[in-house]
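Here is how the chains run, residue by residue.
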Amino acid sequence: MRTHPLGRSKTEVTELSFGAAGIGSLFTEVSEQDAAEAVAAAWDGGIRSFDTAPHYGLGLSERRLGAALRDRPRAEYTVSTKVGRLLVPNPGATGLDDQGFAVPASHRRVWDFSADGVRRSLEQSLVRLGLDRVDTVLLHDPDDHAEQALTEAYPALERLRAEGVVGAIGVGMNQTALPTRFVRETDLDVVLLAGRLSLLDDSGLDELLPEAARRGVSVIVGGVFNSGLLADPRPGATYDYAAAPDELLSRALRLQQVCERHGVPLRAAAARYPLRQPAVAGVLLGLRDAAQVQDALAQYRREIPEALWVDLAESEGVR
């Protein structure tokens, strides 16, 4: 599988990255065995880049990913995790996490984009992962904490990079305005952009991607299925984690028809679409079991005719 460097750093990622939110039991419980088998299938298929975060399953994703990679040669893979949410014990709590993960509410998340919060978060992540370093650290969803993230968290990451503690630094968000500001005002290596460079929402092409290309910043694209609609367009499908509006469902079905005329599954076109942009280093897919991994690899390797992209541009205005 092809690899690309993140910005001007020495950190490289495979074009297909393993998004580990799913093995943190996102929405539904995932067994230890399914999680381990998913990572093993990714490794066997050539994936060498893995993305996680404390937020995912209140640390469960990091623990499972670290365990699954423990016997792999450390020089052969890259791990990214995120800072901005500290996990604080939640004694006496009952029931499940209230932020979408099917895990006990053993901890609560506390927003913290201070320099101290960045270092504490990374230290805790390393313990959960069982690693002595991670390759990439991202500021996670600083939407409502922009100034602190820019003036405190980002400089802390810059120092960690200068010290050699991490190889690449960046920001991960599902909007374009603030990441574009980071690209213009800082010296980050990578933006993880979720949901804004898809066949249904290409707003990342307006400012962020051109600015990233000008400044030598890499983009990794997540959310290529917009949480489900582009993987399987049907009534009841979700778009950005809510029921898809009728007009978006109709457009997704039209996109599917175009793809079918060329013998290509819609999910294959959706996953490959971002890789047409020169600033894009890779696509990150959320994967929860070996079957999903094997399907993702099959779609990544599928031959997609240039005529499909021409048809999508002419019939549906896909850029």
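As a reminder, the structure under discussion sits directly above these lines.
Residues numbered from 1 in each chain as written. Predicted model: local features only at pLDDT ≥ 70, side-chain atom pairs only at ≥ 80, totals over all residues. Heavy atoms only, no water.

A. Just the sheet that holds strand β4 (residues 49–51), in detail. Overall, parallel pairing links the eight strands, which are arranged β3-β4-β5-β8-β9-β10-β11-β14 in a closed barrel. Going from strand to strand, the sheet's axes swing by 25° on average, the running direction of each strand aside. (Pairing = 2+ DSSP bridges. Helix = DSSP H or I, 4+ residues; strand = E, 2+ residues; numbered from the N terminus. Axes fitted to C-alpha atoms, helices over the stretch in contact; angles between N-to-C directions.)

B. How the structure looks around the environment of Y239. Counting through the fold element by element, Y239 comes out in strand β12 (residues 238–239). In the structure, Y239 is positioned 12 residues away from S227 in sequence and 5.5 Å away in space, judged by C-alpha atoms. When residues no more than four places from it in sequence are discounted, the contact partners of Y239 are R196, L200, D201, N226, S227, L229, A244 and L248. (Contact = heavy atoms within 4.5 Å.)

C. Main features of the packing of helix α5 (residues 177–185) against helix α6 (residues 208–215). In the contact formed by α5 and α6, the axes pass within 9 Å of each other and the chain directions differ by 20°. By the criterion of interaxial angle, the relationship of α5 to α6 is roughly parallel. Viewed along their axes, α5 and α6 form a crossing whose handedness is left-handed. Contact residues: P179, T180, V183 and R184 in α5; L208, E211, A212 and R215 in α6. Of the residues assigned to the contact of α5 with α6, the class counts are four nonpolar, one polar and three charged. (Parallel < 35°, antiparallel > 145°, perpendicular 65-115°, else oblique. Left-handed = near helix turned anticlockwise from the far one by under 90°. Nonpolar A, V, L, I, M, F, W, Y, C, P; charged D, E, K, R; others polar.)

D. Focus on the pattern of salt bridges. Here the structure, examined in full by the defined rule, presents 30 salt bridges. The salt bridge involving E211 is made with R184; its shortest N-O contact spans 3.7 Å. Placement of E211 in helix α6 and of R184 in helix α5 is noted, with a sequence separation of 27 residues between them. Accessibility expressed as a relative area gives 6% for E211, which makes it buried. For R184, a relative accessible area of 39% gives the class partly exposed. The partner of E211 in a salt bridge is R214, and the shortest N-O contact between them spans 2.3 Å. Of this pair, E211 and R214 both sit in helix α6, three residues apart, which is roughly one turn of the helix. Connected through shared salt-bridge partners, R8, E158, R161, D187 and D189 make up one network. (Salt bridge = Lys/Arg side-chain N within 4 Å of Asp/Glu carboxyl O. Buried < 20%, exposed > 50% of the residue type's maximum accessible area, 1.4 Å probe, protein only.)

E. Representation of the packing of aromatic side chains within the structure. Applying the stated criterion across every chain yields a total of seven aromatic pairs. Note on F50 and Y77: the rings are 6.4 Å apart at their centroids and 85° apart in plane angle, and the pair reads as edge-to-face. Taken together, the residues F50 in strand β4 and Y77 in the loop between α2 (60–69) and β5 (78–83) connect sequence positions 27 residues apart. Like F50, the residue Y77 is buried in the burial classification. (Phe/Tyr/Trp six-rings, centres within 6.5 Å; stacked < 30°, edge-to-face > 60°.)

F. Focus on the nonpolar core. Formed by 88 residues in total, the largest nonpolar core has its most connected members in F18, F50, L139 and L199. Looking at this core element by element, the count peaks at eight residues for helix α4 (residues 146–162). Leaving out residues up to four positions away in the same chain, F18 has contacts with I23, A38, V39, A42, I47, S49, F50, D51, L285, L287 and V293. (Core = buried A, V, L, I, M, F, W, Y, C linked by side-chain atoms within 4.5 Å.)

G. Representation of the side chain of H140. Note on placement: H140 falls in strand β8 (residues 136–140). Looking at H140, the relative accessible area reads 7%, which means it is buried. Beyond its immediate chain neighbours, meaning those up to four positions away, H140 contacts A53, H55, Y56, K82, V83, R85, W111, F113 and G172.

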